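Coordinate inspection notes
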Amino acid sequence: VYFIPGGLDCSISFVSHVLGKVCVHGWQKEILGVLVPRLTELTKSDCIWQRICWQLVECVPDRWMEAVVLGFVQRAPGADVLSRLLGNLVVKNKKAQFVVAQKMLLLQYGHTTAVLQNLLGYLSLDSVRRTLLLRVLQELLETWSSSSAVKHSPAEQQLYISKAILICLSHLKESEIASCRQELLTSMMEGVKCHLESSLPQLRRLGMVVAESISLTINTEGPVLKFEYEEDDETRELKSLLVQTPSFYVVPSLPDDDRSEKAGAALPLVPESNEKSYTAAPLMPDEESDAELDSDDDLIPYDMSEDKELKIKAPMYIRDCIEVLTGSRSEDVDKWEATVKALESLVRRNPAATREVSVELAKILLHLEEKTCIEGFVELRQRAQVAVLTTDPIPVAKYLTSQFYSLNYSLRQRMDILDVLVLAAQELSCPKFHGKTKHSGVQKPCIQLLPGSDSSKGWRRIVDERIKSKTRRFDTGQSHVELASRPNEFNSVAGYFFFPLIQHFDRPLTTFDLLGEDHLVLGRLVHTLAVLMYLAVNTVAVTAMGKALLEFVWALRFHTDSYVRQGLLSCISSLLLSVPAERILVDMTEELLETQSWLGDVMEKDPDGDCRRLALQNLLLMENLKKKLEAVPS
């Protein structure tokens, strides 16, 4: 009905009870999908209907309030509409305030960006509710700047909180910014520190973007904080949230998923102040005349068409290369560049000469710094190091693994050592291709590793490749590569790469503490051990390596850094794929049962999604191993 005859008072508490009970029993989408659009239309210009709507939600019992409020926030087409429908409900009702200001922002993280904009925009549209908006921002910043929350919360929740912070900042007024400038600055400094300490690139980038946004908000006229990072869709979306969308913006009436996606993809309008900042000021007449006087258009350029670049001849011998690389004369810069570029091929062409000075050359390359701005210097140096290590594996591997735990090395140099060991092990373990391919486009069946990668995607690809190689397929017309039979060179040297790295991880040095603040290097070390374990398949030392690796994983299984835990789970995958099933059953039965129990806990309770997926993958590998052993006749 739309009116009460005779001007009689009435109560709608019964309707509120019905609405609450229907929503809490799972019919929220159906009833509010009809009710919210109708109430939106009725409350546009009728204040009586606004009061009726407020009474409708205020009379919902507390035990059903969450389902009703959540439904309204999710289905309202905009913050202004939500403000008309709910009024000051969050101020009057403690349960609604908890749902809006606590549960939806700090305890949940599955809501879309459009829902966040609705929710925080609703808090900003009334002076009474703005105090709640400031309190919400303070609590969000406390969570964002907490090192414990960064370590133990999933990346999805960190992204959700970052979006909420940026939306809150977009709604702040100048007077509010001035009153809480010091608190914003303190939270920014603490938060960016704990985010930059994270091993995950996504979390580091989130910290940079949010810190830049806070700095831009509190320093509108002075210098602002600026980081260097690669922008992607996620960072562009985050930065767009700092620009407040106009209050008349309406989200189209769509199904839940489509509506939120399209609302998030809508481009916000840029304020005039921002547009002006990108517009160059027009030149005044005096400036124009000065520009004409300063013009160099009348200068005649030199004819350099016939000039030829002087080519510096690279050294022909390994010892000459050592002399050039260790020299300090500035006039030899061109020769230094030519040496760096030619060193890899020279090492590979002269293995006998390289073996005479291999350790000395490895030491020079490890400490080599860039003298000039040479393109691809890091890659050239790394390829030369790999060439030296593959040419003379045992002494060079002994030197590099001993230096990994030595004093006076930077974290970058230690990670360079790990990268070189991985690339050299891969080269030694993969057969060279000497035959001709019958068709072009045949890919090398060797796993390409990304040594600088900070994610676990490479590990899933490794396992997928290995599982795929164990799967039999029958087809015709397949392109084949004719391989020359060749022994696995990594077989005899795997122990020199692996065991020295795993020995001293728990011994802190003055400038290097793997179990402390240097957890980024620990994560890289764990991933390196996983690769070496995988590449050691069919080698003599693989069983001993697997047993040592399992003890190593067991000691670190509760590490707080998610990147380290991902590496530990990758180690288990490599072990299950590389060690023969019979040896696992005989030598590691008890350890494997304990590991299976731990993997079950990780799959159910770990906050990181990649860790949960890797744990599930390992459990499936264990199940396949069990079936394989049961199928073997006794």
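Residues numbered from 1 in each chain as written. Predicted model: local features only at pLDDT ≥ 70, side-chain atom pairs only at ≥ 80, totals over all residues. Heavy atoms only, no water.

It is worth spelling out the overall build of the chain at this point. Looking only at helices and strands, the chain has 32 helices and 0 strands in total. Per-residue burial for the chain yields a buried fraction of 46% across its 634 residues. In the chain, the proportion of contacts linking residues at least 24 apart, taken out of those at least 6 apart, comes to 75%. Counting every atom, the chain has about 35100 Å² of accessible surface; 54% of that belongs to carbon and sulfur. (Helix = DSSP H or I, 4+ residues; strand = E, 2+ residues; numbered from the N terminus. Buried < 20%, exposed > 50% of the residue type's maximum accessible area, 1.4 Å probe, protein only. Contact = heavy atoms within 4.5 Å. Areas by Shrake-Rupley, 256 points an atom, 1.4 Å probe, with all protein chains shown as cover.)

The next point concerns the nonpolar core. Residues F404, F490, F497 and L525 are the most contacted members of the largest nonpolar core, which totals 95 residues. Counting residues per element, this core draws most heavily on helix α27 (residues 519–535), which supplies 11 residues. In contact with F490, other than residues within four places in its own chain, are A425, L428, S429, F497, L532, L535 and A536. Formed by 79 residues, the second largest nonpolar core is a distinct cluster that contains I161, L166, V192 and L242. (Core = buried A, V, L, I, M, F, W, Y, C linked by side-chain atoms within 4.5 Å.)

What follows covers the packing of helix α23 (residues 393–404) against helix α26 (residues 494–503). Direction vectors running N to C along α23 and α26 enclose 15°, while the axes themselves pass 9 Å from each other. Between α23 and α26, the crossing angle belongs to the class labelled roughly parallel. Two packed elements cross with a definite hand, and for α23 against α26 that hand is right-handed. Where α23 abuts α26, its residues P393, I394, A397, K398, T401 and F404 lie against Y496, F497, P500 and L501. Tallied by class, the residues present in the contact of α23 with α26 amount to 8 nonpolar, 1 polar and 1 charged. (Axes fitted to C-alpha atoms, helices over the stretch in contact; angles between N-to-C directions. Parallel < 35°, antiparallel > 145°, perpendicular 65-115°, else oblique. Left-handed = near helix turned anticlockwise from the far one by under 90°. Nonpolar A, V, L, I, M, F, W, Y, C, P; charged D, E, K, R; others polar.)

A word on helix α13 (residues 201–218). Taking 1.5 Å as the rise per residue, α13 with 18 residues should run 26 Å; its terminal C-alpha atoms sit 26 Å apart, in good agreement. In terms of burial, α13 is a largely internal element, 14 of the 18 residues being buried. (Expected span 1.5 Å × (residues − 1).)

Let us now look at the side chain of R381. For R381, the location among the structural elements is in helix α22 (residues 377–391). Overall, R381 belongs to the buried group, its relative accessible area being 13%. Every residue in contact with R381, bar those within four places of it in the chain, is listed here: L365, L368 and D416.

Counting through the fold element by element, S162 comes out in helix α10 (residues 155–171). The residues contacting S162, other than those within four sequence positions of it, are W144, L206, V210 and L238.

What follows concerns the environment of L368. In this structure, L368 sits in the loop between α21 (358–367) and α22. For the pair L368 and V340, spaced 28 residues apart in the sequence, the C-alpha separation amounts to 10.0 Å. L368 has contacts with L325, W336, V340, F377 and R381, leaving out every residue within four places of it along the chain.

The grouping of F14, V15 and V18 at the surface amounts to a nonpolar patch, some 300 Å² of accessible area in total. Within the secondary structure, V18 sits in helix α1 (residues 13–42). Overall, V18 belongs to the partly exposed group, its relative accessible area being 37%. (Patch = residues over 30% accessible without salt bridge, like charges linked within 9 Å, V, L, I, M, F, W, Y side chains within 5 Å. Salt bridge = Lys/Arg side-chain N within 4 Å of Asp/Glu carboxyl O.)

Bringing the packing of α23 against helix α24 (residues 411–429) into the picture now. One way to put it is that α23 packs onto α24 with a least axis distance of 9 Å and a crossing angle of 155°. Judged on the interaxial angle alone, α24 and α23 are roughly antiparallel. Taken as a pair, α23 and α24 cross one another with a handedness that is left-handed. Of α24, the residues touching α23 (which contributes P393, L400, T401, Q403 and F404) are R414, I417, L418, V420, L421 and L428. Its residues assigned to classes, the contact of α23 with α24 shows 8 nonpolar, 2 polar and 1 charged.

Further remarks concern the packing of aromatic side chains. Evaluation of the coordinates by the stated rule reveals 5 aromatic pairs. Taking 5.9 Å as the distance between ring centres and 25° as the angle between the ring planes, the aromatic pair formed by W336 and F377 counts as stacked. Here the residue W336 occupies a position in helix α19 (residues 333–349), and F377 occupies one in helix α22, the gap between them amounting to 41 residues. Judged by relative accessible area, W336 falls into the buried class, the value being 1%. Both rings, one in F404 and one in Y405, keep their centres 4.9 Å apart while their planes meet at 85°; by these two values the pair is edge-to-face. Comparing F404 with Y405, the two get one shared label, buried. R63 extends its terminal NZ or CZ atom over the ring of W64, reaching a point 4.3 Å from the ring centre. When the ring centre of W554 is taken as reference, the NZ or CZ atom of R557 above it lies at 3.8 Å. (Phe/Tyr/Trp six-rings, centres within 6.5 Å; stacked < 30°, edge-to-face > 60°. Lys NZ or Arg CZ within 6 Å of the ring centre and 35° of its normal.)

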